[in-house]
Amino acid sequence: MKTRIFINGREVSNPVVRTLLILGAVIIAAVVAALVIFVLFPVIGIAVTLSIGVIAIFVVAIMMSIAALVLITVIYSWLFGSAEFRFERYNRR
């Protein structure tokens, strides 16, 4: 499975930079989720217990979604050949 990342119309081909971009996106998503759970929920008055419950739900949902994505990708690849995800940018003029 090859991930194609385009920045300013040019494909990023360095595997280290691609890995850092993907990890950076995951870290940013985790930081946003943590800010919502630990800062926004208590500020608007939702109890800390509910915040911990939401964390547990997020963790279970993330694990289930990763398992589902892997299973679907394996089954899809087995049935139809290799699977490929593409991230491309189209310039509309």
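Residues numbered from 1 in each chain as written. Predicted model: local features only at pLDDT ≥ 70, side-chain atom pairs only at ≥ 80, totals over all residues. Heavy atoms only, no water.

### Focus: the overall build of the protein chain
Secondary structure summary: the protein chain contains two helices and two strands in total. The order of helices and strands in the protein chain, counted from the N terminus, is β-β-α-α. Residues counted as buried form 11% of the 93 residues belonging to the protein chain. Within the protein chain, residue pairs in contact and separated by at least 24 positions form 41% of the contacts whose partners lie at least 6 positions apart. Only carbon and sulfur atoms are counted for the fraction: they give 73% of the accessible area of the protein chain, which is about 8,000 Å². (Helix = DSSP H or I, 4+ residues; strand = E, 2+ residues; numbered from the N terminus. Buried < 20%, exposed > 50% of the residue type's maximum accessible area, 1.4 Å probe, protein only. Contact = heavy atoms within 4.5 Å. Areas by Shrake-Rupley, 256 points an atom, 1.4 Å probe, with all protein chains shown as cover.)

### Regarding helix H1 (residues 15-43)
A rise of 1.5 Å per residue sets the reference length of H1, with its 29 residues, at 42 Å; its end C-alpha atoms lie 41 Å apart and thus fit the reference within 8%. Where H1 bends most, at Val-36, the angle is about 30 degrees. Those residues of H1 that sit buried are Arg-18, Ile-37 and Phe-41. For H1, the N-terminal cap is Asn-14; the gap from its side-chain oxygen to the backbone nitrogen of Val-16 is 3.1 Å. Remark: Gly-45 follows H1 within two positions and exhibits a positive phi of approximately 100 degrees. (Expected span 1.5 Å × (residues − 1). Bend = angle between axes of the 7 residues up to and from the residue. Polar contact = N/O pair within 3.5 Å; in protein donor to acceptor, adjacent residues only side chain to side chain.)

### Focus: a nonpolar patch on the surface
Among the surface-exposed residues, Leu-23, Ile-27, Ile-28, Val-31, Val-32, Leu-35, Val-36, Phe-38, Val-39, Leu-40, Val-43 and Ile-44 lie close enough to one another that they form a single nonpolar patch of about 1,100 Å² accessible area. On the secondary structure map, Val-39 appears in helix H1. By relative accessible area, which is 45% here, Val-39 ends up partly exposed. (Patch = residues over 30% accessible without salt bridge, like charges linked within 9 Å, V, L, I, M, F, W, Y side chains within 5 Å. Salt bridge = Lys/Arg side-chain N within 4 Å of Asp/Glu carboxyl O.)

### Focus: the environment of Leu-21
As for its placement among the helices and strands, Leu-21 is situated in helix H1. You can call Leu-21 partly exposed: its relative accessible area is 35%. Put simply, Leu-21 and Ile-5 are 16 residues apart on the chain and 9.0 Å apart in space, counted from C-alpha to C-alpha. Leaving out residues up to four positions away in the same chain, Leu-21 has contacts with Ile-5, Ile-7 and Val-12.

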